[in-house]
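These are the residues of each chain, in order.
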Amino acid sequence: MELIIAKKVLAANDEIAAANQALLKKHRTFGINLLGSPGAGKTSLVEALAQKLKGEIPLSVIEGDLATTRDAERVEKLGIPVVQINTGGACHLDAGMVAQALEKTTLPRDGFLIIENVGNLVCPSSYRLGEHLRVVVLSVPEGDDKVAKYPTMFGRVDVIVINKIDLSPYVPFDRERVKGDIKKIAPDTKLFTLSAKTDEGMESLVSFLKAQLKEYLAHIA
Amino acid sequence: MHELSLVKDLLELARQEMDRAGHNGTAESLTVIIGKLSGVNADSFRFAFETYGSEMGWTKTRLIIIEHPARCLCQNCHEESAVEEWTLSCPRCGSENIRIEGGREFRLESITIPD
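The shown structure was predicted, so the numbers you read here are calculated from the model rather than taken from an experiment.

1. A look at the overall build of chain B
1) Next: Secondary structure assignment for chain B yields two helices and six strands.
2) Next: Secondary structure elements of chain B occur, N-terminal to C-terminal, as α-β-α-β-β-β-β-β.
3) Next: The principal-axis extent of the C-alpha atoms belonging to chain B is close to 55 × 30 × 15 Å.
4) Next: For chain B, the residues scored as buried account for 45% of the 115 residues in total.
5) Next: The contacts in chain B between residues at least 6 apart in sequence include a share of 67% that link residues at least 24 apart.
6) Next: A total accessible area of about 5900 Å² is found for chain B, and carbon and sulfur atoms account for 45% of it.
7) Next: Both charge centroids of chain B, one from 12 positive and one from 19 negative side chains, sit 2 Å from each other.

2. Points about the interface of chain A and chain B
1) Next: On the side of chain B, 29 residues touch chain A, which itself brings 23 residues to the contact.
2) Next: Three residues, A:Met1, A:Val9 and A:Lys184, lead the burial of chain A against chain B; their summed loss comes to 29% of the area buried on that side.
3) Next: A salt bridge links A:Lys7 to B:Glu17, with the nearest nitrogen and oxygen atoms 2.6 Å apart.
4) Next: For the interface between chain A and chain B, the tally reads 14 residue pairs in polar contact (both at pLDDT 80 or more).
5) Next: Of all the secondary-structure elements, those providing two or more residues to the side of chain A that touches chain B are strand 1 (2-8), helix 6 (151-154) and helix 7 (175-185) of chain A.

3. Regarding the side chain of A:Asp144
Residue and element names in this part refer to chain A.
1) Next: On the secondary structure map, aspartate 144 appears in the loop between strand 6 (133-139) and helix 5 (146-149).
2) Next: Within the structure, aspartate 144 has its side chain in polar contact with the backbone nitrogen of aspartate 174 (distance 2.8 Å).
3) Next: A distance of 2.8 Å separates a polar atom in the side chain of aspartate 144 from a polar atom in the side chain of arginine 177.
4) Next: Apart from the residues lying within four places of it in its own chain, the contact partners of aspartate 144 are Phe173, Asp174, Arg177, Val178 and Asp181.

4. Concerning the pairing of strand 1 (residues 29-35) of chain B
Residues and elements named next belong to chain B.
1) Next: When you tally the buried positions in strand 1, you get seven out of seven residues, the bulk of the element.
2) Next: Across the two faces of strand 1 the burial is the same, with Ser29, Thr31, Ile33 and Gly35 and Leu30, Val32 and Ile34 all buried.
3) Next: Relative to strand 2 (residues 62-68), strand 1 runs parallel, the two sharing seven bridges. Looking at the pairing, leucine 30 lines up with leucine 63 of strand 2.
4) Next: For the handedness criterion, the β-α-β arrangement of strand 1, helix 2 (residues 42-55) and strand 2 is classed as right-handed.

5. A closer look at the pattern of salt bridges
1) Next: Per the counting criterion, the structure on display carries 23 salt bridges over all chains.
2) Next: Residues A:Arg74 and A:Glu47 are paired through a salt bridge, measuring 2.9 Å at the closest nitrogen-oxygen approach. Of the two residues, A:Arg74 sits in helix 3 (residues 70-76) while A:Glu47 sits in helix 2 (residues 42-53), which places them 27 residues apart along the sequence.
3) Next: For A:Glu47, a relative accessible area of 21% puts it in the partly exposed group.
4) Next: Note that B:Glu79 is salt-bridged to B:Arg92, the shortest N-O span being 3.7 Å. Placement of the pair is B:Glu79 in the loop between strand 3 (70-74) and strand 4 (80-83) and B:Arg92 in the loop between strand 4 and strand 5 (98-101), with a sequence separation of 13 residues.
5) Next: By relative accessible area, which is 32% here, B:Glu79 ends up partly exposed.
6) Next: It is possible to trace a salt-bridge network through shared partners that takes in A:Lys7, B:Glu17 and B:Arg20.

6. Remarks on the sheet that holds strand 1 of chain A
1) Next: If you walk across this open sheet you meet the four strands as 1(A)-6(B)-1(B)-2(B), and the pairing is mixed. Two strands in the sheet have a free side with no partner beyond their single neighbour: strand 1 of chain A together with strand 2 of chain B. Ignoring which end each strand starts from, the neighbouring axes of this sheet average 20 degrees apart.
2) Next: Along the sheet, helix 2 of chain B makes contact with strand 1, strand 2 and strand 6 (106-112) of chain B, crossing strand 2 of chain B at roughly 165 degrees.

7. Points about helix 2 of chain A
Since the α-helix advances by 3.6 residues per turn, residues separated by three or four positions end up pointing in the same direction.
1) Next: The end-to-end C-alpha separation of helix 2 of chain A is 16 Å, in line with the 16 Å expected for 12 residues at 1.5 Å each.
2) Next: Of the residues making up helix 2 of chain A, those classed as buried are A:Lys42, A:Thr43, A:Leu45, A:Val46, A:Ala48, A:Leu49, A:Ala50 and A:Leu53.

8. Side note on the sheet that holds strand 7 (residues 159-163) of chain A
Residue and element names in this part refer to chain A.
1) Next: Spatially, 4-3-5-2-6-7-8 is the arrangement adopted by the seven strands of the open sheet, whose pairing is parallel. Both edges of this open sheet fall to strand 4 (82-86) and strand 8 (190-193), since each of them pairs with a single strand only. Strand-to-strand twist of the sheet, defined as the mean angle between neighbouring strand axes without regard to direction, takes the value 20 degrees.
2) Next: Direction of pairing for strand 2 (residues 29-36) relative to strand 6: parallel, over a ladder of five bridges. Among the inter-strand pairings, leucine 35 is bridged to a residue of strand 6, identified as valine 136.
3) Next: Along the sheet, helix 7 contacts strand 6, strand 7 and strand 8; its crossing angle with strand 8, the most-contacted strand, is approximately 165 degrees.

9. What to know about the packing of aromatic side chains
All names here are of chain A.
1) Next: One pass over the structure, following the stated rule, counts four aromatic pairs over all chains.
2) Next: With 5.2 Å between their ring centres and 50 degrees between their planes, phenylalanine 192 and phenylalanine 208 make a pair best called tilted. With phenylalanine 192 in strand 8 and phenylalanine 208 in helix 8 (residues 202-220), this pair connects stretches of sequence that are 16 residues apart.
3) Next: What makes phenylalanine 192 buried here is its relative accessible area of 6%.
4) Next: Residue phenylalanine 208 is classed as buried on the basis of its relative accessible area of 14%.
5) Next: One aromatic cluster is present, formed by Phe30, Phe112 and Tyr216 through successive ring pairs.

About the thresholds
- Residues numbered from 1 in each chain as written.
- Chains lettered and ligands numbered in written order.
- Predicted model: local features only at pLDDT ≥ 70, side-chain atom pairs only at ≥ 80, totals over all residues.
- Heavy atoms only, no water.
- Helix = DSSP H or I, 4+ residues; strand = E, 2+ residues; numbered from the N terminus.
- Buried < 20%, exposed > 50% of the residue type's maximum accessible area, 1.4 Å probe, protein only.
- Contact = heavy atoms within 4.5 Å.
- Areas by Shrake-Rupley, 256 points an atom, 1.4 Å probe, with all protein chains shown as cover.
- Lys, Arg positive; Asp, Glu negative; His and termini not counted.
- Charge placed at Lys NZ, Arg CZ, Asp CG, Glu CD.
- Buried area = accessible area lost by both parts, 1.4 Å probe.
- Salt bridge = Lys/Arg side-chain N within 4 Å of Asp/Glu carboxyl O.
- Polar contact = N/O pair within 3.5 Å; in protein donor to acceptor, adjacent residues only side chain to side chain.
- Pairing = 2+ DSSP bridges.
- Right-handed = clockwise from strand over helix to strand, strands pointing away.
- Axes fitted to C-alpha atoms, helices over the stretch in contact; angles between N-to-C directions.
- Expected span 1.5 Å × (residues − 1).
- Phe/Tyr/Trp six-rings, centres within 6.5 Å; stacked < 30°, edge-to-face > 60°.

This is a description of form; function is not addressed.
Next comes the structure, spelled out in structure tokens:
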């Protein structure tokens with residue numbers, strides 16, 4: 001006998017993700033899933049955003065790593081509430097891991113929760129966590145071919161951040177090539193070019209995120 | 001290599017659906033649709049199913065994988081081509097003015113259980 005199912009294999013993950021999203025909504029928190037390679041500057045971007053939002057918009061962070069609490073320690077130094085998830089070898093976060101972390105997380109009212117995913121341009125793209133926005137960080141030293149080489153990641157995000165543009169004079173990186181690839185793979189994606197280290201270009205990302213938060217809060221009010 | 005955890009997700013979903021149908025035995029086969037752009041590698045998925053699946057007691061279950069291509073819609077020559085991977089240009093005329101649709105599916109389509 002054949003049972004017709006026709007359900008997404010990740011249906012269970014998606015259900016937990018929806019519950020996570022509902023919890024965030026209840027607390028009026030806007031969730032960001034922060035993706036990118038190891039070393040792209042995800043934690044540096046979190047630190048830079050924390051500085052920018054300080055005293056204005058509350059922020060909490062969930063840090064996903066295979067091992068160590070180093071990233072969480074960096075964020076904690078800035079006085080930001082942070083919860084570390086150690087995946088114990090798993091190459092991505094899933095909605096269940098985030099649900100557990102959410103139990104321990106201070107969810108900032110009218111603020112952001114940034115979930116820093118495991119550094120990886122492949123696996124995390126399949127798993128929804130309950131976020132409202134998916135942001136991938138691509139750094140200049142990684143090379144300008146990454147959008148085309150990892151389309152399953154870059155094709156499934158809302159925002160692409162090109163980071164470390166302060167290194168542009170030293171490494172070949174053709175921004176136009178990246179823009180061209182984005183246009184083909186993810187035409188509706190927002191692109192920001194910045195350096196989390198020098199602050200160049202940070203302001204426009206911050207304004208965009210604030211506008212997203214405002215729209216979200218207006219929508220749930 | 002996240003295929004192993006995807007197999008785990010597949011088996012959980014299959015178990016849940018079989019329980020719902022009141023069948024607590026094993027399945028004869030699981031049919032899974034994998035889109036070519038879903039980020040799931042069919043060979044790795046099969047390998048993960050054979051190793052993890054048998055460990056979890058699904059030894060007698062056959063995995064049937066149906067791979068779905070994506071469609072490349074060319075805005076220049078208006079040809080619709082099936083593509084097996086991400087492409088940046090139309091396979092027919094080479095134009096880069098294209099849209100890629102479909103191929104992202106990853107579904108458990110059906111379960112065959114003994115009558």
